[in-house]
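Structural features, examined
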Amino acid sequence: MSVTDQAFVTLATNDVYCQGALVLGQSLRNHTTSRKLAVLITPVVSSGMRSVLRSVFDEVIEVDALDSADSVRLALMQRPELGVTFTKLHCWTLTHYSKCVFMDADTLVLCNVDELFDREEFSAAPDSGWPDCFNSGVFVFRPSLKTYDLLLRFAAEHGSFDGGDQGLLNSFFSNWATADIGKHLPFLYNLSSNAVYTYVPAFNHFGRDAKVVHFLGATKPWNYKYNLQTKRVMQDGTTSGSFHQLSFLALWWNIYSASILPLLEKLQKMEESE
Ligand code: UDP
Ligand code: MN
């Protein structure tokens, strides 16, 4: 049974991050989600990439770069470092949905995670670097123009202690750590790939139940090289990849090569024949 008023939402501000969004969307499809899939993009995303996105997502929604519609936005324009952050906040404007789960474009689901919609705003999993903060790569929220407006005002007034959306959202939903344990998602719903080797025994004990992998940090799956013949991620000298980390990377690349590359190649052929 499909639920049309709830959606998984991701964000890709450029064609590079679209690759991540596509793999995430495909992973949700592979595990037969009953919810809608929506992706927020900005005007710089190419028209070809938009058509590929439309074949995986139910909705491809262009959001404006900063404009000067009102004073709050104007104040935000003085803070260019909050640009991508601001873009993520647009997810609160999707008021044709009653409830959504936001997922970073560098995440991947390992099983069906539709039960996340049983949670309330604002639910998220602890951050592995500072567990009294939540990680903003996966969160449950309720679209609301009122909340959106409050978030913009808060951003303009206080900025973000880490310069990104995570600092801002943690300051805004500041009672997350203590108010309601029901809003703490299990870490398994946002397993950061670096946590795998900071606490190996815990990973060995619990890791098999992982539900969402998050490739957080500077090097994203699409930055690696992959051998299409051997189906292996190629390690360079800088990759201190543990076995598990590499197997998550291989999973990302499996989906990319099996389901996304063919779409991109088809697009390329069409563009060449024009
Ligand atoms: N993002 C984007 N374009 C960018 C940077 C970030 O679309 O240039 C979006 C994307 O959805 C990404 C999220 O913002 O997953 C958060 O950024 P990132 O995952 O790079 O941060 P990390 O999780 O590594 O802290
Ligand atoms: Mn991320």
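Before reading on, note that the structure itself is shown above.
Note that the structure is predicted; figures quoted are calculated from it, not measured.

Attention now moves to the pairing of strand β7 (residues 134-141). With eight of eight residues buried, β7 lies mostly within the body of the structure. Inspection of the sheet shows strand β4 (residues 99-103) paired to β7 by four bridges, in the antiparallel sense. What sits directly across from Cys100, in β7, is Phe141. As paired strands, strand β6 (residues 123-126) and β7 are joined by three bridges and run antiparallel to one another. By the bridge assignment for β7, Ser123 is matched with Val140.

Further remarks concern the sheet that holds strand β1 (residues 3-12). Within the open sheet, the six strands sit side by side as β3-β2-β1-β4-β7-β6. Their pairing is mixed. Strands at the two margins of the open sheet, each flanked by one partner only, are β3 (59-62) and β6. Between one strand axis and the next, the sheet turns through 25° on average, direction left out of account.

The next point concerns the pattern of salt bridges. Enumeration according to the criterion identifies nine salt bridges in this entry. Across the pair Asp165 and Lys88 runs a salt bridge, and its minimum N-O distance is 2.7 Å. Linking Asp165 in helix α6 (residues 165-172) with Lys88 in helix α4 (residues 83-89), this pair joins segments that are 77 residues apart in sequence. Each member of the pair, Asp165 as well as Lys88, carries the same accessibility label: buried. The residue Glu120 makes a salt bridge to Lys99 at a minimum N-O spacing of 3.8 Å. You can see Glu120 sitting in the loop between β5 (107-109) and β6 and its partner Lys99 sitting in strand β4, a full 21 residues away along the chain. Several salt bridges share partner residues, and in doing so they unite Lys88, Asp104 and Asp165 into one network.

Time to look at the coordination of the manganese ion (ligand 2). For the manganese ion (ligand 2), the full set of protein donor atoms is Asp104 (OD), Asp106 (OD), Asp106 (OD) and His214 (NE2), and the range of their distances to it is 2.2 to 2.3 Å. Around the manganese ion (ligand 2), the six donor atoms are arranged such that angles at the metal cover 56 to 171°; this shape is classified as irregular.

The next thing to look at is the site of ligand 1. Taken together, the neighbourhood of ligand 1 is formed by 13 residues, with Leu11, Thr13, Tyr17, Gly217 and Lys220 sitting nearest. A distance of 2.9 Å is found between an oxygen atom of ligand 1 and a side-chain nitrogen or oxygen belonging to Asp106. Between Gly217 and ligand 1, the recorded distance is 2.8 Å, taken from a backbone N or O atom to an oxygen atom. Surface burial for ligand 1 is 76%, taken as the share of its 510 Å² of free accessible area covered by protein chains. Broken down by class, the residue content of the shell around ligand 1 amounts to six nonpolar, four polar and three charged.

Basis of the calculations
Throughout, a residue's number is its position along its own chain's written sequence, starting from 1. Going through the entries in the order they are written, you letter the chains from A and number the ligands from 1. The predicted origin of the model limits local features to residues at a pLDDT of at least 70 and limits the giving and counting of side-chain atom pairs to 80 or more, whereas totals for whole chains, interfaces and linings rest on all residues. Heavy atoms throughout the structure, all of them, feed into the side-chain values; hydrogens and water do not. To sort residues, take the accessible area from a 1.4 Å probe on protein chains only and compare it with the maximum for the residue type: under 20% means buried, over 50% means exposed, and anything in between is partly exposed. Helix and strand definitions follow DSSP, with helices as H or I runs of at least four residues and strands as E runs of at least two, each counted in order from the N terminus. Any two strands are treated as partners once DSSP identifies two or more bridges connecting them. To get an axis, fit a line to the C-alpha atoms, keeping to the stretch in contact for a helix; angles then go from 0 to 180 degrees between the N-to-C directions. Here a salt bridge means any side-chain nitrogen of Lys or Arg lying within 4 Å of a carboxyl oxygen belonging to Asp or Glu. Each metal site lists N, O and S donors within 2.8 Å (3.2 Å for Na, K and Ca). With water left out of the atoms, a site can look as if it is missing ligands. Any site counts as irregular unless it has four donors with all angles between 85 and 135 degrees, making it tetrahedral, or four or six donors with opposite ones more than 155 degrees apart and the rest between 65 and 115, making it square planar or octahedral. We define proximity as follows: a residue is near a molecule or strand when any one of its heavy atoms falls within 4 Å of that partner. We call two N or O atoms a polar contact when they sit within 3.5 Å, provided that within protein one can donate a hydrogen and the other can accept it, with sequence-adjacent residues counted only if both atoms are side-chain atoms. All accessible areas in this document rest on Shrake-Rupley with a 1.4 Å probe, and a residue is counted as covered only by the protein chains that are shown. Residue type decides the class: Asp, Glu, Lys and Arg count as charged, Ala, Val, Leu, Ile, Met, Phe, Trp, Tyr, Cys and Pro as nonpolar, and the leftover types, Gly among them, as polar.

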